[in-house]
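The chain contents come next:
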Amino acid sequence: MQLQPGDERYLTAEGVVRTPLALFFILLLFLRGYAAWVISLTFVEDRSRMLQFFYANTEQFVLALAVGAPALLVLVMLTQIREEIPSWVARVAKVAPLMLWLSWLADGVLLGSIIASNWPHFAFVKALLLFSWLVVLWLLLYSRHLKRFFQLVAG
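Every value quoted in this text rests on a predicted model; they were computed, and no experiment measured them.

> Outline the overall build of the chain, listing residues and values.
Along the chain, the regular secondary structure elements total seven helices and zero strands. Walking the chain from its N terminus toward its C terminus, one meets helices and strands in the order α-α-α-α-α-α-α. Projected onto its principal axes, the C-alpha coordinates of the chain cover approximately 50 × 35 × 25 Å. Buried residues in the chain amount to 40% of all 155 residues. Residue pairs in contact within the chain that sit at least 24 positions apart in sequence constitute 73% of those at least 6 positions apart. Accessible surface for the chain amounts to roughly 9500 Å². Of this, 67% is attributable to carbon and sulfur atoms.

> Help me get a handle on a nonpolar patch on the surface, residues and values and all.
Taken together, the side chains of Leu72, Leu73, Leu75, Val76 and Trp88 present a nonpolar region at the surface, about 360 Å² in accessible area. Of the residues forming the nonpolar patch, the biggest block, four residues, is contributed by helix 4 (residues 58-79). Counting through the fold element by element, Leu72 comes out in helix 4. Residue classification places Leu72 among the partly exposed residues on the basis of a relative accessible area of 35%.

> Can you tell me about the packing of helix 1 (residues 21-30) against helix 7 (residues 144-154), naming the residues and giving the values?
Running from N to C, helix 1 and helix 7 cross one another at 95°; their axes reach a closest spacing of 9 Å. When the axes of helix 1 and helix 7 are compared, the pair comes out roughly perpendicular. Across the interface between the two elements, Ala22, Leu23 and Ile26 of helix 1 pack against Leu146, Phe149 and Phe150 of helix 7. Its residues assigned to classes, the contact of helix 1 with helix 7 comprises six nonpolar, no polar and no charged.

> Just give me the short version of helix 7, but keep the residues and values in it.
Restricting attention to buried positions, one finds in helix 7 the residues Leu146, Arg148, Phe149, Phe150, Leu152, Val153 and Ala154. Taken together, the buried residues of helix 7 touch helix 1, helix 4, helix 5 (87-117) and helix 6 (124-142). Two residues or fewer after helix 7 comes Gly155, characterised by a positive phi angle close to 85°.

> Provide a residue-level description of the environment of Leu29, including the pertinent values.
Looking at the element boundaries, Leu29 is found in helix 1. Taking C-alpha positions, Leu29 is 8.6 Å from Val136, a pair spaced 107 residues apart along the chain. Once you skip the residues sitting within four places of it in the chain, Leu29 turns out to touch Asp107, Leu129, Ser132, Trp133 and Val136.

Rules behind the numbers
- Residues numbered from 1 in each chain as written.
- Predicted model: local features only at pLDDT ≥ 70, side-chain atom pairs only at ≥ 80, totals over all residues.
- Heavy atoms only, no water.
- Helix = DSSP H or I, 4+ residues; strand = E, 2+ residues; numbered from the N terminus.
- Buried < 20%, exposed > 50% of the residue type's maximum accessible area, 1.4 Å probe, protein only.
- Contact = heavy atoms within 4.5 Å.
- Areas by Shrake-Rupley, 256 points an atom, 1.4 Å probe, with all protein chains shown as cover.
- Patch = residues over 30% accessible without salt bridge, like charges linked within 9 Å, V, L, I, M, F, W, Y side chains within 5 Å.
- Salt bridge = Lys/Arg side-chain N within 4 Å of Asp/Glu carboxyl O.
- Axes fitted to C-alpha atoms, helices over the stretch in contact; angles between N-to-C directions.
- Parallel < 35°, antiparallel > 145°, perpendicular 65-115°, else oblique.
- Nonpolar A, V, L, I, M, F, W, Y, C, P; charged D, E, K, R; others polar.

Right under this line is the structure:
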């Protein structure tokens, strides 16, 4: 890891690369399908009823899991960041921005499907998801912290 002046704000006191809060927000948005799935597993009587609250059909749920798959790999990568970064983590960090962009595109298709399935009705949750999707676009395009974080982890 080649440090430059100003990089000390990206490190903890122990010298470990600090994960930006923006990345946690992005992962939370992309992993919402997995969160809904885990929550649905807690219902004993009818597990599919909970998923129907979030997704109109099975295809939307499967697409939500596909959107979250690259984000899940990035989340696993984050759990392995230590003082000595493993080589596979550095390799994943090099392609992580691309994986997040692919998740963002697939999430746009999913959001379009969710909004189109119930078009004339306004739903605050759908508007919040659309706004969050646009915030993630801004973060992926302009966040210097995210870009520098992936550079530091990639080595």
